[in-house]
Amino acid sequence: MDSLTVQIIVTVLVGLAYIVGLVGIIVPVLPGTITVVIATLIWAIIIGGWTSWGAFGIILVLGAIGMTTSYVLTGRTLHRAEVPMWPIYVGIASGIVGIFVIPFLGLPIGFVIGLYIAEALRQKDAKKGMSSAWIAMKALGLGILIEFSLAMLSTIVFAIAVVVHFVTA
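Please read these numbers as outputs of a predicted model, since none were measured by experiment. (Residues numbered from 1 in each chain as written. Predicted model: local features only at pLDDT ≥ 70, side-chain atom pairs only at ≥ 80, totals over all residues. Heavy atoms only, no water.)

Some words on empty space enclosed by the protein
Following the criterion strictly, the structure yields one cavity of 30 Å³ or more and no others. Considered as a void within the structure, the largest cavity measures approximately 30 Å³ in volume. If you go around the largest cavity, the residues you meet are Thr-33, Val-36, Leu-62, Gly-63, Gly-66, Glu-147, Leu-150, Ala-151 and Ser-154. If you list the elements that add at least two residues to the lining of the largest cavity, you get helix H2 (33–47), helix H3 (50–80) and helix H6 (126–168). Residues of the lining of the largest cavity, tallied by class, amount to four nonpolar, four polar and one charged. (1 Å grid on protein atoms, 1.4 Å probe; cavity = no way out; pocket = protein on both sides within 12 Å on 5 of 7 lines; lining within 4 Å. Points joined across faces, edges and corners; volume = space filled by probe spheres on them. Helix = DSSP H or I, 4+ residues; strand = E, 2+ residues; numbered from the N terminus. Nonpolar A, V, L, I, M, F, W, Y, C, P; charged D, E, K, R; others polar.)

Structure follows, in structure tokens:
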């Protein structure tokens with residue numbers, strides 16, 4: 001197999017890893033931003049050259065910003081609302097169970113139900129539980145939106161690097 005064929009195969013596989021990474025940001029069962037960054041690193045190692053390493057550097061920075069911002073904003077919002085992490089973990093566990101009970105929609109439905117029940121039990125009040133669960137869902141949604149947006153920006157950087165690499169190769 002010649003070098004160009006290997007580069008094309010690796011690029012296609014990395015592109016598929018990007019799809020898994022983007023889905024993983026929205027569906028927290030799969031690894032998200034980490035998949036995008038590691039796939040780009042593998043691409044840079046195999047492809048080599050300034051284009052791939054420059055893209056990796058930019059994508060590494062975007063990934064770090066996305067994950068950090070998502071984590072910090074979500075954590076601050078939950079802290080301000082005095083929502084502890086264990087109801088979030090209950091929601092995640094319920095979402096994972098939900099995947100097997102209701103295909104495709106089970107994750108978000110399970111997460112919401114688990115989070116609400118955990119918060120209602122913690123607050124000892126269904127109405128307060130709903131309010132806390134809503135705050136937590138908005139905070140997590142904002143974090144996902146920020147991380148996904150930066151991952152999409154990383155995807156654009158990767159696409160540009162691919163075009164530049166193959167046009168100049």
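A few points about H2
With 15 residues, H2 ought to run about 21 Å at 1.5 Å a step, and its terminal C-alpha atoms sit 21 Å apart, in line with that. Buried within H2 are the following residues: Thr-33, Thr-35, Val-36, Val-37, Ala-39, Thr-40, Trp-43, Ala-44 and Ile-47. Looking at the packing, one finds that the buried side of H2 touches helix H1 (3–26), H3 and H6. Phi turns positive one or two residues past the end of H2, at Gly-48, with a value near 70°. (Expected span 1.5 Å × (residues − 1). Buried < 20%, exposed > 50% of the residue type's maximum accessible area, 1.4 Å probe, protein only. Contact = heavy atoms within 4.5 Å.)

Digging into the environment of Phe-148
Relative to the assigned elements, Phe-148 resides in helix H6. Using a relative accessible area of 25% as the deciding quantity, one classes Phe-148 as partly exposed. As a C-alpha pair, Phe-148 and Ser-3 span 145 residues in sequence and 33 Å in three-dimensional space. Ignoring any residue separated from it by four or fewer positions in sequence, one finds Phe-148 in contact with Leu-22, Ile-25 and Ile-26.

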